[in-house]
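# Descriptive analysis of the structure
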Amino acid sequence: MANITFVNENREAIAADGANLREKALENGIDIYTLRGKMMNCGGYGQCATCIVEIQEGMENLSPRTDFETRKLKKKPETYRLACQVVVNGPVSVKTKPR
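Here is a short report on the structure shown in this document. Since the model is a prediction, treat every value here as computed from it, not as a measurement.

### Topic: the side chain of Arg 65
Checked against the element boundaries, Arg 65 lands in the loop between β4 (52-57) and α3 (67-72). The charged side chain of Arg 65 is buried without a salt bridge, its nearest counter-charge being Glu 78 at 4.2 Å. A polar contact of 3.1 Å, which involves the side chain of Arg 65, links it to the backbone oxygen of Pro 77. Reaching out from Arg 65, the side chain makes a polar contact with the backbone oxygen of Tyr 80 at a distance of 2.7 Å. Among residues more than four places away in sequence, those in contact with Arg 65 are Thr 70, Leu 73, Lys 76, Pro 77, Glu 78, Tyr 80 and Arg 81.

### Things to note about the pattern of salt bridges
A side chain of one charge can pair with a side chain of the opposite charge if their charged atoms are brought near each other. Inspection of the entire model under this criterion finds four salt bridges. Notably, a salt bridge pairs Lys 38 with Asp 31, separated by 2.9 Å at the nearest N-O pair. On the basis of relative accessible area, Asp 31 is assigned to the partly exposed category, the value being 30%. Each member of the salt-bridge network shares a partner with another, and the members are Asp 31, Lys 38 and Lys 97.

Cut-offs and rules
Residues numbered from 1 in each chain as written. Predicted model: local features only at pLDDT ≥ 70, side-chain atom pairs only at ≥ 80, totals over all residues. Heavy atoms only, no water. Helix = DSSP H or I, 4+ residues; strand = E, 2+ residues; numbered from the N terminus. Buried < 20%, exposed > 50% of the residue type's maximum accessible area, 1.4 Å probe, protein only. Lys, Arg positive; Asp, Glu negative; His and termini not counted. Salt bridge = Lys/Arg side-chain N within 4 Å of Asp/Glu carboxyl O. Polar contact = N/O pair within 3.5 Å; in protein donor to acceptor, adjacent residues only side chain to side chain. Contact = heavy atoms within 4.5 Å.

The analysis is restricted to geometry; functional conclusions fall outside its scope.
Have a look at this one:
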């Protein structure tokens, strides 16, 4: 089992290993989208890059960046991920809507 801590919201979600970060956030009422993302998100298919999160702890417990993430996040810090592309396999702390 993996504990996902959402730092900004001061909330924690429990997920089975192999869970998708975006799905667990939405299931637990965590708003991961900015206004633009709310209007234009692709529904988790990895096409729009609007579900950006910052991993504060536990990067080693996540799946590696996908090719799509690498392209879309090339000018962002390595700690930035697309929630829809992340598979969680252990404890992680996430900051939603990083600037």
